[in-house]
Structure formats: structure tokens, C-alpha cells
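Examination of the molecular architecture
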Amino acid sequence: MMNRISDTDLILNADGTAYHLNLLPEDVADTIIFVGDQDRVPAVSKYFDEVELRKGKREFITHTGRIGHKRLTVISTGIGTDNIDIVLNELDALVNIDLSTRTVKPDLKSLNIIRIGTSGTVQADIPVDSLLVSEAAFGLDPLLHYYDYPATAEELELLKAFKAVLPETFKGQPYIASASSRLIGSLDADIQTGITITTPGFYSPQGRQVRAKSAIPDLLTAITEFRHHGKRITNLEMETAGIYGLAAALGHQAISFNVLLANRITNTFSRQPAAIMDRYIKTVLERIAAV
Ligand code: R1P
């Protein structure tokens, strides 16, 4: 007898849809594009040959369709890894749990999860308006501490080196998670790669100074100057580490494409953010459709 997952561990709506995503198992494709902004969902699905489904609840808007024979889902996650916890667990439940018996299916599915998000670079030589794939990400948020993520020895060594340069005033406990090597191999081709930092906020957690006084004024400098065996931190955003960690913990493949709209060192911001995002949506969709 398989263990039955309780009604409050996995909440379903009266129509059988997942509690927050409002989706049924048949509503999602095996390849799923994550975007933060709800308005980016139609900006992606307008390139589908056909959109078969449009659904949503809260910030989680979903379109499913196809490009050629390839079925794709695009979903907005909103901002932050707390939302990634909901999106990834509910997508996994839709594909890997028999919702009628509330038991885990014998044959688990591995989804391909592709983030297309905005981000700021922390290196002066990386141009605004360029695209970057996160090889790995350090999470400054706490999400992955709630899950059993099997970090490799190489990841742990990189994390140890990063922790050693963090200012003493930093009170968090960083974690590390990496991209799917399978998706990196098939999708990133000539695109620049780097190490991403995922933060639990946009302002002081990313070293911004507006009015609230920072408790860690040297955080951005420590991040920018970090080096380990030729690797450096390239950019800041708010989801990648959580996506990588939770995807790996659940047996899914994930890759994060960052559209670099800001350079935090030269203090420059894209003059045409919407057009740049549109360009890279096309780039990523062409690559997805080709594999
Ligand atoms: C902050 O403005 C938001 O933009 C970035 C960050 O990760 C955060 O979600 O990604 P999206 O453009 O995908 O939302």
C-alpha cells in the first residue's frame, strides 16, 4: 500500500486543480518556461504556433501551446523563491502524483524547466543588454535549507570559498545549487555563463541604497570581488538558486537565462528593456524548439 498524501499536505481545489496554480495534470507540458512577470507570459506565448490553454490564479498565469510539434508551457512565478517553492511543488505534484489516489506515481517524470528572467550584473566588463546562463547559484534566501539537496563536493568547496568572503555583518546561511548539465549542454551554446546570486529582496539584499540604511554596506563589493579557481559571481536576481535546488531535489532539470538589464558597477540600465527581453525570448524559444 502506497502512502497516501494527506488533503492538507497537498491541497486541491474542488475542480481537482492544484491549490495555487489552478492547473490540472493535462494542462502542463514537459517543458516549462518560468518568467517572473505575468505580462511576460503572453510575450512568450505570442511566439507559439498555437495556444491551447490560458489559466491563472494570483500571480501564477499559465499558457500552454506548441511550437511545431513541441508542446510548451509558460508560467509566471511572481518574485522570489517563496513563490518558487509553490510553483515547483505543485508542478511536480501535477506530473508525479496520481491525484485521484494521492500516491506517488511509480514512474517519475523529469520536467525541463527554463527560467527567462531579468537580472543585474555585478561585473563592470559584462555589458547591459547581454544574456547570461547561470551555471550555478548561491542562495542568500533560506528556501533550500528546508529541503534535502544533494550538494556535490565541488559545489560545497565553492560555497565554502564564498562564505569566507562574506562580511561578518551578513547573518544569513548561503546555499548553492547548480544548473542541469543536460540542459546547459543542449541550450546554452555560445551564451556567456556565470555564477548567480539569488537574494531574498531587491533593495538592500542586492546592495541598493535608497533610504533604508544597510546593515551590510560592503555586501556588493564582497560579491563582485569574489574569485575561486577562475570563477566569479556575475549577476543578482531572486529565483535561480531556489529553482535549481528544488528542481534537483525533485529530479527535474533546470536552467536559468538572465537578461542583464542593469550593470550595478557602472550604474547603467537598459534603454530598451522590453525590446531586449523580446529579443532573448526569441533566442531561447528557438533553442528550445530545436532540441
Ligand atoms: C525583480 O525586479 C524581479 O526581476 C527578476 C528578479 O529575479 C525578480 O523576480 O526576475 P523576473 O524579471 O523574471 O521577475
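As the structure is a prediction and not an experimental result, all values here were calculated from the model.

Two elements in contact, helix α2 (residues 81-96) and helix α6 (residues 240-250), have axes whose closest approach is 9 Å; the angle formed by their N-to-C orientations is 25°. In terms of their interaxial angle, α2 and α6 are classed as roughly parallel. Taken as a pair, α2 and α6 cross one another with a handedness that is right-handed. Two secondary-structure elements touch here, α2 through Thr 81, Ile 84, Asp 85, Leu 88, Asn 89 and Asp 92 and α6 through Gly 242, Ile 243, Leu 246, Ala 247 and Leu 250. Here the contact of α2 with α6 is built from residues that sort into six nonpolar, three polar and two charged.

Around the ligand sit Gly 36, Arg 40, Ile 79, Arg 115, Gly 117, Thr 118, Phe 202, Glu 237, Met 238 and Glu 239, and those are all the residues in its vicinity. At 2.7 Å, a side-chain N or O of Arg 40 approaches an oxygen atom of the ligand. Separating an oxygen atom of the ligand from a side-chain N or O atom of Glu 239 is a distance of 2.5 Å. If you tally residues by element for the shell around the ligand, the top one is strand β7 (residues 112-121), at three residues. Residues belonging to the shell around the ligand are distributed by class as follows: three nonpolar, three polar and four charged.

Attention now moves to the pattern of salt bridges. Tallying each qualifying case throughout the model produces 13 salt bridges. For Arg 115, the salt bridge is made with Glu 239, and the minimal N-O distance between the two is 3.5 Å. Of the two residues, Arg 115 sits in strand β7 while Glu 239 sits in the loop between β12 (231-237) and α6, which places them 124 residues apart along the sequence. Of the charged contacts, one joins Lys 231 and Glu 135 as a salt bridge, the two residues approaching to 3.3 Å between their closest N and O atoms.

Our focus in this paragraph is the packing of aromatic side chains. For the coordinates displayed, the defined rule picks out four aromatic pairs. On the basis of an interplanar angle of 10° and a centroid distance of 4.2 Å, the ring pair of Phe 138 and Phe 162 is categorised as stacked. You can see Phe 138 sitting in strand β8 (residues 131-139) and its partner Phe 162 sitting in helix α3 (residues 153-165), a full 24 residues away along the chain. Judged on exposure class, the residue Phe 138 and its partner Phe 162 are both buried. Judged by centre distance (5.0 Å) and plane angle (80°), the ring pair of Phe 202 and Tyr 203 falls under edge-to-face. We classify Phe 202 as partly exposed; its relative accessible area is 39%. Assessed through its relative accessible area of 48%, Tyr 203 is described here as partly exposed. Ring-pair connections join several aromatic residues into one group, and the members of that group are Phe 138, Phe 162 and Phe 226.

Turning to helix α4 (residues 181-188), its buried residues are Leu 183, Ile 184, Leu 187 and Asp 188. Buried positions in α4, seen along its axis, are confined to an arc of 105° and lie on one side of it. Those residues of α4 that are exposed and angled more than 90 degrees off the buried face are Ser 181, Arg 182 and Gly 185. Summarising the contacts, the buried residues of α4 are in contact with β7, β8, β10 (192-198), β13 (253-263) and α7 (273-290). In the segment just after α4, Ala 189 is the residue with positive phi, at about 35°.

Looking now at the pairing of β8. The element β8 is largely enclosed, with a buried count of eight among its nine residues. Note that β8 and β13 share three bridges and pair antiparallel. Within the sheet, the bridge partner assigned to Leu 132 lies in β13 and is Asn 258. Strand direction decides the pairing type here: β8 and β10, joined by seven bridges, are parallel. If you follow Phe 138 over to β10, its bridge partner there is Ile 197. In this structure, β8 lies alongside strand β9 (residues 175-178), joined through four bridges in antiparallel fashion. Across the sheet, the residue bridging to Ala 137 is Ala 177, located in β9.

Position of Thr 121 among the secondary structure elements: in strand β7. Relative accessible area serves as the criterion here: at 0%, Thr 121 is assigned to the buried category. Beyond its immediate chain neighbours, meaning those up to four positions away, Thr 121 contacts Ile 126, Thr 234, Asn 235, Leu 260, Ala 262, Asn 263, Arg 264 and Ile 265.

What counts and what doesn't
Residues numbered from 1 in each chain as written. Predicted model: local features only at pLDDT ≥ 70, side-chain atom pairs only at ≥ 80, totals over all residues. Heavy atoms only, no water. Axes fitted to C-alpha atoms, helices over the stretch in contact; angles between N-to-C directions. Helix = DSSP H or I, 4+ residues; strand = E, 2+ residues; numbered from the N terminus. Parallel < 35°, antiparallel > 145°, perpendicular 65-115°, else oblique. Left-handed = near helix turned anticlockwise from the far one by under 90°. Contact = heavy atoms within 4.5 Å. Nonpolar A, V, L, I, M, F, W, Y, C, P; charged D, E, K, R; others polar. Near = heavy atom within 4 Å. Polar contact = N/O pair within 3.5 Å; in protein donor to acceptor, adjacent residues only side chain to side chain. Salt bridge = Lys/Arg side-chain N within 4 Å of Asp/Glu carboxyl O. Phe/Tyr/Trp six-rings, centres within 6.5 Å; stacked < 30°, edge-to-face > 60°. Buried < 20%, exposed > 50% of the residue type's maximum accessible area, 1.4 Å probe, protein only. Arc of directions from axis to C-beta. Pairing = 2+ DSSP bridges.

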